[in-house]
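Examination of the molecular architecture
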Amino acid sequence: MKFFITGGSGLLGERLATIASNDDEIVLSHNSNPTKNTIKCDITDKNEVEKVINKNKPDTIVHCAAMTDVDLCEDEIDIAYRINSDGTRNMAQAAENIGAKIIYVSTDFVFDGDKGYYSEDDEVNPLGIYAKSKYDGEVQLKKYSTNWAIARVSVLYGWHKKANFTTWVINQLRSNNSINIVTDQINSPTYADNAGEAIFEIAKQDKNGIYHTAGNDRINRFDFTQKIAEAFNLNKDLINPTTSDKFIQKAPRPRDSSLNVNKIKKELGFTMETCSESLERMANCK
Ligand SMILES: NC(=O)c1ccc[n+]([C@@H]2O[C@H](COP(=O)([O-])OP(=O)(O)OC[C@H]3O[C@@H](n4cnc5c(N)ncnc54)[C@H](OP(=O)(O)O)[C@@H]3O)[C@@H](O)[C@H]2O)c1
């Protein structure tokens, strides 16, 4: 199968390329941060998207590219919508033109966090600009593609040159720095490699619809940080519990945006990993 992966310079895109089967052909794209394996494709440029997709003719597009800085999105509203919403529309139209499937990577932030442990058919209520623009991407996808899937993830982590929450914690604890971590934000931390495996499974089983491809936990950030310390044999005493009201964050965060991952198990026979399983895998991989 031939895959075209946007966001190839980002965490998930790069991990997808790393774990792909040797039988598959992978084309990875970037926007402003080229790597030796990526080609340029600015998803906000409709003509460029069409040209690149028509030339490469993938069977499946995995659309990971996004403006992912949640707080920056609050300041750069137009750019957030241009990338997360219009960019997804451009990818969906280009996929449809060549009869390709498109899998859009979305987020637990489409939910407001009041209920927690959300299923795919729960009602969305995105709170901030990042969340709203990513949800708008879901709307555009459904409008312009007839062969789509949505893979929602939560707090992505894994080895990558740019820090993510987990690699930041590892670096801080290795440097003997104490860190304050909130106890009142709950989600389903997702190992990028495991989300990637789930996404390839959706493609191979040719599924349509929404799937929660997140970690198999409902866990608060402080407890997750403790698990990181355990998996990497680091000093847990450096981790102090705190609460969100002590931090000024521009964008609103859902209180509990944890995701129920039963649907992918039931329909695809694919069980998402718990964070203990994933962190052990991550620790053994570097
Ligand atoms: N990170 C999380 O905790 C999290 C949580 C829930 C959902 N998600 C979703 O998961 C997906 C992957 O996230 P990630 O953390 O792997 O992302 P990331 O590491 O922040 O990388 C973002 C990627 O998007 C690309 N991009 C940005 N603007 C672009 C444009 N105009 N045209 C083309 N590419 C553009 C970047 O390319 P350049 O660097 O080359 O410009 C980069 O490759 C995203 O859709 C995100 O919304 C992430």
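No experiment lies behind these values; they were computed from the predicted model shown. Residue indices follow the written sequence of each chain, beginning from 1 at its first position. Local features in a predicted model are, by the rule used here, given only for residues with pLDDT of at least 70; side-chain atom pairs are given and counted only at 80 or more, and totals for whole chains, interfaces and linings are based on all residues. Calculation of side-chain values draws on the structure's entire complement of heavy atoms; hydrogens and water are dropped beforehand.

1. Things to note about the overall build of the protein
A tally of helices and strands in the protein yields 10 helices and 13 strands. All radius of gyration figures rest on C-alpha atoms, and the globule criterion is 2.2 Å times the number of residues raised to 0.38. At 18 Å, the protein has a C-alpha radius of gyration in line with the 19 Å of a compact globule built from 286 residues. Residue exposure (1.4 Å probe, protein chains only): buried if accessible area is under 20% of the type maximum, exposed if over 50%, otherwise partly exposed. Within the protein, the proportion of its 286 residues that are buried is 53%. Two residues qualify as a contact provided that any one of their heavy atoms is within 4.5 Å of a heavy atom in the partner residue. Summarising the internal contacts of the protein: among those between residues at least 6 apart in sequence, 78% fall at separations of at least 24. Within the structure as shown, the protein displays about 12,700 Å² of accessible surface, and the carbon and sulfur contribution to it stands at 44%. Charged side chains of the protein number 35 positive and 41 negative; the gap between the two group centres comes to 3 Å. Under the DSSP-based scheme used, a helix requires at least four consecutive residues in state H or I and a strand at least two consecutive residues in state E, with every element numbered from the N terminus. Only the protein chains shown count as cover for residues, with accessible areas throughout obtained via the Shrake-Rupley method and a probe of 1.4 Å. Here the positive residues are Lys and Arg and the negative ones are Asp and Glu; neither His nor the chain ends is included. Where a charge lies is defined by one atom per residue type, namely NZ (Lys), CZ (Arg), CG (Asp) and CD (Glu).

2. With respect to the pattern of salt bridges
Any carboxyl oxygen of Asp or Glu that lies within 4 Å of a side-chain nitrogen of Lys or Arg is treated as forming a salt bridge with it. Per the stated rule, a full pass over the model turns up 16 salt bridges. The shortest N-O distance in the salt bridge between K2 and E25 comes to 3.6 Å. Note that K2 is positioned in strand β1 (residues 2–6) and E25 in strand β2 (residues 25–30), a separation of 23 residues in sequence. The class for E25 is partly exposed, based on a relative accessible area of 45%. Each of E197, E273 and R281 takes part in one network of salt bridges that share partners.

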